[in-house]
Amino acid sequence: MSKAILIISIVCLIFLLSLQVLYYISYSNQMIHFFGELLTIPSMLFVVFAFFFSLVNVFRKKKEYYLILGINTIAILMCIASTVLDYK
């Protein structure tokens, strides 16, 4: 199960990164913003779920979940940084 979560976490990280790049390239197109937000919501839900799931397993001393925790932490921090930079 950890391999599946790892693969999906990497795909979500790449997907969220590409959406952020597309979002900043097409800053004036509102349709891309709308569909970008619709696609970001399920991906972020999985990232938050996988973050807490891997955090619980790290506390249970399972070492294979450190990488998943790190990838999801990077994805969450990237989304927070892009949200903060968008408001300036």
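For clarity, every value in this text was computed on a predicted model and none was experimentally measured.

About the cut-offs
Residues numbered from 1 in each chain as written. Predicted model: local features only at pLDDT ≥ 70, side-chain atom pairs only at ≥ 80, totals over all residues. Heavy atoms only, no water. Phe/Tyr/Trp six-rings, centres within 6.5 Å; stacked < 30°, edge-to-face > 60°. Helix = DSSP H or I, 4+ residues; strand = E, 2+ residues; numbered from the N terminus. Buried < 20%, exposed > 50% of the residue type's maximum accessible area, 1.4 Å probe, protein only. Contact = heavy atoms within 4.5 Å. Polar contact = N/O pair within 3.5 Å; in protein donor to acceptor, adjacent residues only side chain to side chain.

Enumeration over the complete set of coordinates arrives at five aromatic pairs. Between the aromatic rings of phenylalanine 49 and phenylalanine 53, the centroid separation amounts to 5.9 Å while the plane-to-plane angle is 20°, which identifies the pairing as stacked. Linking phenylalanine 49 with phenylalanine 53, this pair stays in helix H2 (residues 30–59), spanning four residues, or about one helical turn. When its relative accessible area of 24% is taken as the criterion, phenylalanine 53 is described as partly exposed. A ring pair is formed by phenylalanine 51 and phenylalanine 52, whose centres lie 5.3 Å apart and whose planes are at 75°; its orientation type is edge-to-face. Taken together through their ring pairs, the aromatic side chains of Phe46, Phe49, Phe53 and Tyr65 make up a single cluster.

If you check the backbone angles, lysine 61 has positive phi at about 70° while not being a glycine. Residue placement: lysine 61 occurs in the loop between H2 and helix H3 (66–86). Accessibility expressed as a relative area gives 70% for lysine 61, which makes it exposed.

Relative to the elements of secondary structure, threonine 40 occurs in helix H2. Setting aside its immediate chain neighbours within four residues, threonine 40 contacts Leu16 and Leu19.

Following the sequence through the fold, serine 82 ends up in helix H3. Of note is the side chain of serine 82, whose polar atom sits 3.0 Å from the backbone oxygen of cysteine 79. The contact partners of serine 82, leaving out residues within four places of it in the chain, are Gln20 and Tyr24.

Honestly, it's all geometry; don't read function into it.
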